[in-house]
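Tertiary structure, described
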Amino acid sequence: MNRHHWWRDAVIYQVYVRSFLDSTGDGIGDLAGVRAGLPYLKKLGVDGIWLSPFYPSPQHDHGYDVADYCDVDPVFGDLTEFDLLVGAARRLGIKVLLDIVPNHCSSEHPWFREALAAPPGSPERARFHFADGRGADGAEPPNNWHAMFGGPAWTRVTEPDGRPGQWYLHMFTPEQPDWNWREPQVAAEFDRILRFWLDRGVDGFRIDVAAGLFKHPELPDSPDPQADARTRDSVNPLAWNQPEVHDVWRHWRAVCEEYTARDGRERLLVGEVSVPTAREHARYVRPDELHQAFFFDLLGAPWDADAFRKVISEAMQDIAGTGSTVTWVLNNHDQVRTVTRYGEPTPQGSGLGTARARAAALLMLALPGAAYIYQGEELGLPEVVDLPDDVLTDPIFRRTGSRERIRDGCRVPLPWSGQTSPFGFTSGAEGAKPWLPQPEWFAEHATDRALADTRSFWHLYRDGLQLRAALPQLGEGSLRPLDTQPGVLAFVRGDDLVCAVNFGTAPVPAPVPGTPLLASGPCPPGVLPGSTAAWWIDGS
Ligand code: GLC
């Protein structure tokens, strides 16, 4: 066991800052709100928080379009508030991870503005991917790549002299130009940015699009140009997962180690790595690269015992020999929430979706490695599936001609208390509107209700986290699959902790006699009801 490496089996809570808690009354969550919520998170029992981007940004992709990497957007607070938040978290023993976005910046970043004002071939343009177009007068994009969020990956600029000119590359929206990591100034600038935040006391970084950064040096045409936009995964082998990116992670790891050597506090790098194979994924977490990379297959698995079994066994195989641990995820700010994903898409989430999401939570907390919880997951929040078109802000909606409503429904501001919106989310004057409307049924999921009801989702998470912290069998360690009947997934942690999940709807005999330590729903001795997970100590 490597108990002293806190990150290896940490439970990290993802704070989507604009939707967590608003301290100023403008309807948008902020850093002071996060600080006010820390005692709540302490009570829940998480080891750390990951803050979604709060940097100055025009917010075309909610902060994943960064205009200044070393400051706080006034909407979210300022550096003084940031320091207060880090100090308060440290006092509570909660680690703080920042979301760093190295693949692209905002089109309002000063360096991109300089590039637009500078001529083709200038050093200012070399920091990005500017290229001449093809066809008559360069009117066609330099290659056929598509952006992840729809449309071509190139936008043409108007040159300083007023003529139509070169094109620049953006794998996401046109407001997110991709950095050119072959230009040494870019690497040096990110070195400075890392150190700026490490000097302010952060415990590490979640790295956005960590298989990005480098493109094929010749920017050739892709054999399947639509692939990225179609799958929303980085599958264009010329635009992603280039071998040079590993050198960057080796360097960033060395920077982290340098800070650790100074004060003994381990810093964590966890990457958002979407690559085609488990083998490729494992390359990102070699001992001198990222500490961890999100394992998204659990999030993508349908509610089916065999599907989950396959995902778990592949993850364990994938991680063996890397020195890392699996980083499990069921929800995040880009995906439909589990309660809705596993149930019929009814507005409030069906009873079935909720039961399954509770079981999945207990399963995830029993798996070896680290776990990430997305805010609201601990409240069993369903997706808000019926937001009106005119409030949607996800650029995917805009870029797909209003066809795909993917990411707003999981980003609705949290309900904290009371019967009507804003449910304590905003402390502003009465009538202050959260930036996305909260449905009336959010009242059922408010934190005050959840805390008062021992049968709530919140208590399940809290109890699971408490046991995880107390029992040596949980957290990092081995997993031994148990043979059970079809539709049931069961395994042993350590010598005697059994976790079983019944994916079916009918009850089955429990794999262990007696009362479970913890169950996701009513679970009489000897029986594992449908859509239920439980943990037992096997005394036999
Ligand atoms: C990541 C983020 C997503 C963002 C994208 C572009 O996938 O999770 O929210 O839109 O990167 O930065």
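Placed above this text is the structure.
Only a predicted model underlies this, so the values are computations on that prediction, with no experimental measurement involved.

**Some remarks on the overall build of the chain**
In terms of helices and strands, the chain carries 15 helices and 18 strands. A compact globule built from 540 residues should have a C-alpha radius of gyration of about 24 Å, and the chain, at 23 Å, falls within 12% of that. If one aligns the C-alpha atoms of the chain with their principal axes, the spans along those axes are about 80 × 55 × 50 Å. A buried classification covers 60% of the 540 residues belonging to the chain. Within the chain, contacts between residues separated by at least 24 positions form 68% of all contacts whose residues are at least 6 apart in sequence. When the accessible surface of the chain is split by element, carbon and sulfur atoms take 54% of a total near 20000 Å². Put simply, the chain has 50 plus and 72 minus side-chain charges, and the middle of one group is 3 Å from the middle of the other.

**As for the site of the ligand**
Taken together, 13 residues lie near the ligand, and Asp61, Asp208, Glu272, His333 and Asp334 sit nearest. Taken by itself the ligand offers 300 Å² of open surface, and the protein chains cover 95% of this. A molecule is said to occupy a pocket when more than half its atoms come within 2 Å of that pocket's grid points, and by this definition the ligand occupies the largest pocket. Looking at the shell around the ligand, its residues break down into four nonpolar, two polar and seven charged.

**Quick notes on helix α5 (residues 184–199)**
Taking 1.5 Å per residue as the helical rise, α5 with its 16 residues ought to reach 22 Å, and the 23 Å between its terminal C-alpha atoms agrees with that figure. For α5, the full list of buried residues reads Val186, Glu189, Phe190, Asp191, Ile193, Leu194, Trp197 and Leu198. Residue glycine 201 follows α5 closely and has a positive phi angle near 100°.

**Looking at the pattern of salt bridges**
Taken as a whole and judged by the stated rule, the model has 35 salt bridges. The shortest N-O distance in the salt bridge between arginine 163 and aspartate 161 comes to 3.0 Å. Each member of the pair arginine 163 and aspartate 161 is classed as exposed. The partner of arginine 265 in a salt bridge is aspartate 263, and the shortest N-O contact between them spans 3.6 Å. When its relative accessible area of 22% is taken as the criterion, arginine 265 is described as partly exposed. Several salt bridges share partner residues, and in doing so they unite Asp61, Asp334, Asp394, Arg407 and Arg411 into one network.

**Focus: the packing of aromatic side chains**
The final tally for this structure, using the stated rule, is 36 aromatic pairs. Consider the rings of tryptophan 249 and tryptophan 252, whose centres lie 5.0 Å apart with planes at 80°: the pair is edge-to-face. Here tryptophan 249 and its partner tryptophan 252 are both found in helix α7 (residues 245–263), three residues apart, which amounts to about one turn of the helix. On the basis of relative accessibility, which here comes to 0%, the residue tryptophan 249 falls in the buried class. A residue is classified by how much of its surface remains accessible, and tryptophan 252, at 2% relative accessible area, is buried. Between phenylalanine 457 and tyrosine 461, the aromatic rings sit 6.1 Å apart at their centres with planes inclined by 20°, giving stacked as the arrangement. Highlighted residues: phenylalanine 457 and tyrosine 461, both in helix α15 (residues 457–470), separated by four residues, approximately one helical turn.

What counts as what
Residues numbered from 1 in each chain as written. Predicted model: local features only at pLDDT ≥ 70, side-chain atom pairs only at ≥ 80, totals over all residues. Heavy atoms only, no water. Helix = DSSP H or I, 4+ residues; strand = E, 2+ residues; numbered from the N terminus. Rg over C-alpha atoms; globule rule 2.2 N^0.38 Å. Buried < 20%, exposed > 50% of the residue type's maximum accessible area, 1.4 Å probe, protein only. Contact = heavy atoms within 4.5 Å. Areas by Shrake-Rupley, 256 points an atom, 1.4 Å probe, with all protein chains shown as cover. Lys, Arg positive; Asp, Glu negative; His and termini not counted. Charge placed at Lys NZ, Arg CZ, Asp CG, Glu CD. Near = heavy atom within 4 Å. 1 Å grid on protein atoms, 1.4 Å probe; cavity = no way out; pocket = protein on both sides within 12 Å on 5 of 7 lines; lining within 4 Å. Sits in = over half its atoms within 2 Å of the grid points. Nonpolar A, V, L, I, M, F, W, Y, C, P; charged D, E, K, R; others polar. Expected span 1.5 Å × (residues − 1). Salt bridge = Lys/Arg side-chain N within 4 Å of Asp/Glu carboxyl O. Phe/Tyr/Trp six-rings, centres within 6.5 Å; stacked < 30°, edge-to-face > 60°.

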